[in-house]
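Inside the fold
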Amino acid sequence: LSLWIAAAVTNSVLILYRNSPFIAADFSVLKSALSIMNVYMTGFQMVMVVLAALIVISGLILLFVKEKRKKTDYKKLGIMLVVSAVVSVLPSGYIKAEKEKNTDSNLTDDAYRYGFVCCFLNSVFNSGVDKPQVYSKESINGTLKKIGNDSVPVKEPNIIAIQLESFADPYKIHGARYSEDPVPNFRRLKTENASGKLNVSVYGGGTANTEFEVLTGMSLKYFGIGEYPYESFLTSNTAESICYDLKPLGYTSHALHNHTGTFYDRNEVYKNLGFDTFTPSEYMNGLEYNMLGWEKSTVFTNEIIKSLNSTPGRDFVFTVTSQCHGKYPDVFSGGEITVSGSESIRSIKPQLEYYVNQLHEEDKWLGDLITTLEEYPEPIMLVIYGDHMPALNFSEEMLRDKSIYQTEYVIWTNYRSKTEDRELSSYNLMSAALSTVGINNGYFTKLHQYALKNGVDCSAELKSFQYDVIEGEKYLYDGDAERFLPTDLKLGTDEIKITSIKVRRGNVLIKGENFTPGSIVCIDNNQLKTEFFDENTLSIRRSDFKNDYKEIRIAQRAANFTVLGYSEPWQQP
């Protein structure tokens, strides 16, 4: 009973802060959640949570110690276990079937529709993709014959995808008025380029799931309730993705994220999605932070260009921003843009005003990025989209399009291209973008392009494909379970290296190249307290330096002390 009470309290807190219920998958992302807990809770609140947990645990131990030992009634115990199992398992199949039938199914609505207990238990017992009613090598081959073979691309541009954290057009919020348009650049881009509504599977959080759908072409609809494939599958398995699909065309794939590289285990997951390089915040210089401590997007202009210039061939650059992330503050003033409006808007005025000012800053950065990319000497396709609506407790009545599961996208190019506005979903967004240049590599890409071109529903075929590659016999790949091998993921695009070591009276200066605030000096595998001066200079205490050392190298360390990578050992001249 105590555990269920604790789970219910946790559920209420999560709905308040992130607008989604407590599910089993949250345990898999606990490490990532703890790393940003300071944004959502004050120090006092965190202490109170720890104390409450200790009190509950102490109480349970005390009750256990004081409880008189009684003879176990195994018959009653057996009946209780059977009833519990039946109650837990029976609804799960029904809920998952209903989830697949309902095109608007989402985690929060499911929790209200079926209740917290049913949804939580369903998330425990249901993960992965269930076997379709029709699944065989013949059915898979029939679909492959229908969607066709690889075609010769009309054009092979560099492809940049930018996933904007909690980015949405603030004009879709009913009853809100702004002192000026918060996103004029994005609005201009929508008008002049291919754009439209983007249906996503999450609201207020769950960034990694939108990311998963965009990169793989798979739909979260066919996974368990609230499942995070990054945690349940991709930490130890590979999957077909746009990165693997573009490799035969000579593309190199880069991932950029201006938050810690361990968030959602991206440092492990990205190699199983076929990325060649990954540059997280620990490998970046020049980071700026907003008042909540989230990294601003301005750093990406240089990082994107650096990625494009790092190879002689074409590149795919996948960028994940952080700036507009919540939790949004209860008190805010002094922003460039002010908000007014209806009573419902006034009730969230500080949060909304903070949010639109973050949007405004990010929109300015988008304008600057477009100016830079317009002058780039190679063809570029830029796909911009929001991962989910912000966690501002919107009701559907507060939104002009009546959907909290809809953001927007824009497809911009620095060359002449066709513009077609259409509604898409996150899992077919990149397929639609690639179709404009005649690229159809990859089975999921072909399937989505076939469905979009012919206006047909291929959801049954999509589920079969997903089951085949996640749980099934890999008929898509002729049974080859190792069709996609993990890449030798390189952290950062620049080589971090030591060029000289200068011993001073009180400290030791480590001179080199491409150091960042995440750089830590390691002597014989001992990580030393390191002071960062600039990208060419680090310092350690003289007392920590050993003259008889065997090896000195630089570690790039995350905030949770995970070492993401090492430089080559310093070779003394």
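Structure first, text after, so check above.
Summary of the structure given here.

Rules used throughout
- Residues numbered from 1 in each chain as written.
- Predicted model: local features only at pLDDT ≥ 70, side-chain atom pairs only at ≥ 80, totals over all residues.
- Heavy atoms only, no water.
- Core = buried A, V, L, I, M, F, W, Y, C linked by side-chain atoms within 4.5 Å.
- Buried < 20%, exposed > 50% of the residue type's maximum accessible area, 1.4 Å probe, protein only.
- Contact = heavy atoms within 4.5 Å.
- Pairing = 2+ DSSP bridges.
- Helix = DSSP H or I, 4+ residues; strand = E, 2+ residues; numbered from the N terminus.
- Expected span 1.5 Å × (residues − 1).
- Axes fitted to C-alpha atoms, helices over the stretch in contact; angles between N-to-C directions.
- Salt bridge = Lys/Arg side-chain N within 4 Å of Asp/Glu carboxyl O.
- Arc of directions from axis to C-beta.

Let us now look at the nonpolar core. Among the nonpolar cores identified, the biggest contains 85 residues, and Tyr230, Tyr270, Phe275, Phe316, Phe318 and Ile510 are the most heavily contacted of them. In this view, Phe316 contacts Ile159, Ala161, Leu215, Ile242, Cys243, Leu246, Tyr251, Thr252, Ser253, His254, Phe275 and Met430; residues no more than four positions away in its chain are not counted. With 51 residues, the next largest nonpolar core counts Ala176, Leu308, Val339 and Leu369 among its residues.

Before going further, it helps to examine the pairing of strand E3 (residues 194-199). With six bridges joining them, E3 and strand E9 (residues 406-413) adopt antiparallel strand pairing. In the strand pairing of E9, Lys197 is matched with Glu408. Bridge count for E3 against strand E10 (residues 424-425) is two bridges, and the pairing is parallel. Bridge pairing in E10 links Asn199 to Ser425.

With that settled, the discussion passes to the side chain of Thr277. Position of Thr277 among the secondary structure elements: in strand E5 (residues 277-279). Residue classification places Thr277 among the buried residues on the basis of a relative accessible area of 8%. Once residues lying within four places of it in the same chain are set aside, the contact partners of Thr277 are Ser253, His254, Ala255, Leu489, Lys490, Gly492 and Thr493.

This part takes up helix H20 (residues 459-470). End to end, H20 covers 16 Å across twelve residues, agreeing with the expected 16 Å (1.5 Å per residue, within 8%). Turning to H20, its buried residues are Glu461, Leu462, Lys463, Ser464, Phe465, Gln466, Tyr467, Asp468, Val469 and Ile470.

Attention now moves to the sheet that holds strand E17 (residues 537-541). Strands sit in the order E12-E13-E17-E16 across an open sheet of four strands; the sheet is antiparallel. If you trace the sheet from one side to the other, it starts and ends with strand E12 (497-503) and strand E16 (531-534), each paired once. Ignoring which end each strand starts from, the neighbouring axes of this sheet average 25° apart.

Right, let's get into unusual backbone geometry. Across the junction of Gly326 and Lys327, the peptide omega takes the value 5°, indicating a cis bond. Tracing the backbone shows Lys327 in the loop between strand E6 (315-320) and strand E7 (339-341). Phi is positive for Asn393, close to 55°, though the residue is something other than glycine. Among the residues examined, Asn393 registers a relative accessible area of 46% and is labelled partly exposed.

So, about the pattern of salt bridges. Under the criterion given, the structure shown has 22 salt bridges. Salt-bridge contacts for Glu192 lead to Arg188; the nearest nitrogen and oxygen are separated by 3.7 Å. Of this pair, Glu192 and Arg188 are both found in helix H10 (residues 184-192), four residues apart, which corresponds to roughly one turn of the helix.

Restricting attention to buried positions, one finds in helix H9 (residues 137-147) the residues Ile140, Thr143, Leu144 and Ile147. The buried residues of H9 occupy one face: seen down the axis, they fall within an arc of 100°. Exposed positions of H9 whose direction lies more than 90 degrees from the buried face are Glu138 and Lys145. Looking at the buried side of H9, the elements it contacts are helix H19 (443-454) and H20. Phi turns positive, to about 90°, at Gly148, one or two residues after H9.

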